[in-house]
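One letter stands for each residue in the lines below.
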Amino acid sequence: MDRTEFVITTAIILFVAFCLGWFANWLVHRFTRVSQADMDQLELMSQELHEAEETRDQAITYLQQREAELTNQLAQTEAELAAAMEGLRDARHEAEEMRVYVERMNAN
């Protein structure tokens, strides 16, 4: 085989390898191509995820507000309870003083 035949043979082999590579690339892209239906479904899922995140954020905000309201209400209730207990303590003390006074008056 002389030099010209060797160059032609090498060129043919390289051209065939190129064609096989191009064909393999085309097949891979043909079978892995994303269809419009898949893209639409991904877009829909994206929108639903966004809406779910917004709903979650709104729920968290509502719960934080409600927790603050309930904490405030609890603090007010505890203050009222403390005032009522103090009033009851004073009333019992006055009742005890009145009882002692009445017993002294009856004893005289």
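Note that the coordinates shown come from a computational prediction; the quantities given were computed from them, not determined experimentally. (Residues numbered from 1 in each chain as written. Predicted model: local features only at pLDDT ≥ 70, side-chain atom pairs only at ≥ 80, totals over all residues. Heavy atoms only, no water.)

The number of helices and strands found in the protein chain is 2 helices and 0 strands. Its C-alpha radius of gyration of 45 Å places the protein chain more than 25% over the 13 Å reference for a compact globule of 108 residues. When its C-alpha atoms are laid out on the principal axes, the protein chain stretches across 150 × 30 × 15 Å. For the protein chain, the residues scored as buried account for 0% of the 108 residues in total. Within the protein chain, one finds 9 positive and 20 negative side-chain charges whose respective centroids are separated by 4 Å. (Helix = DSSP H or I, 4+ residues; strand = E, 2+ residues; numbered from the N terminus. Rg over C-alpha atoms; globule rule 2.2 N^0.38 Å. Buried < 20%, exposed > 50% of the residue type's maximum accessible area, 1.4 Å probe, protein only. Lys, Arg positive; Asp, Glu negative; His and termini not counted. Charge placed at Lys NZ, Arg CZ, Asp CG, Glu CD.)

To continue, consider a negative patch on the surface. Residues Glu48, Glu51, Glu53 and Glu54 make up a contiguous surface patch of negative charge. Following the sequence through the fold, Glu53 ends up in helix H2 (residues 36-107). By relative accessible area, Glu53 is classed as partly exposed at 36%. (Patch = residues over 30% accessible without salt bridge, like charges linked within 9 Å, V, L, I, M, F, W, Y side chains within 5 Å. Areas by Shrake-Rupley, 256 points an atom, 1.4 Å probe, with all protein chains shown as cover. Salt bridge = Lys/Arg side-chain N within 4 Å of Asp/Glu carboxyl O.)

This brings us to a nonpolar patch on the surface. Where nonpolar side chains cluster on the molecular surface, the patch consists of Ile8, Ile12, Phe15, Val16, Phe18, Leu20, Trp22, Phe23 and Trp26 and spans about 1,000 Å² of accessible area. Within the fold, Ile8 resides in helix H1 (residues 3-32).

Our focus in this paragraph is the pattern of salt bridges. Applying the stated rule across the entire model yields 5 salt bridges. With a shortest N-O distance of 3.2 Å, Glu69 and Arg66 are connected by a salt bridge. Here Arg66 and Glu69 lie together in helix H2, a separation of 3 residues that amounts to about one turn. Under the relative-accessibility criterion, Glu69 is labelled partly exposed at 46%. According to the relative accessible area criterion, Arg66 is partly exposed, its value standing at 36%.

With respect to the secondary-structure elements, Thr4 resides in helix H1. Along the backbone, Thr4 and Asn72 are 68 residues apart, and their C-alpha atoms lie at a distance of 96 Å.

From the geometry alone we can't say anything about function, so treat these as descriptive.
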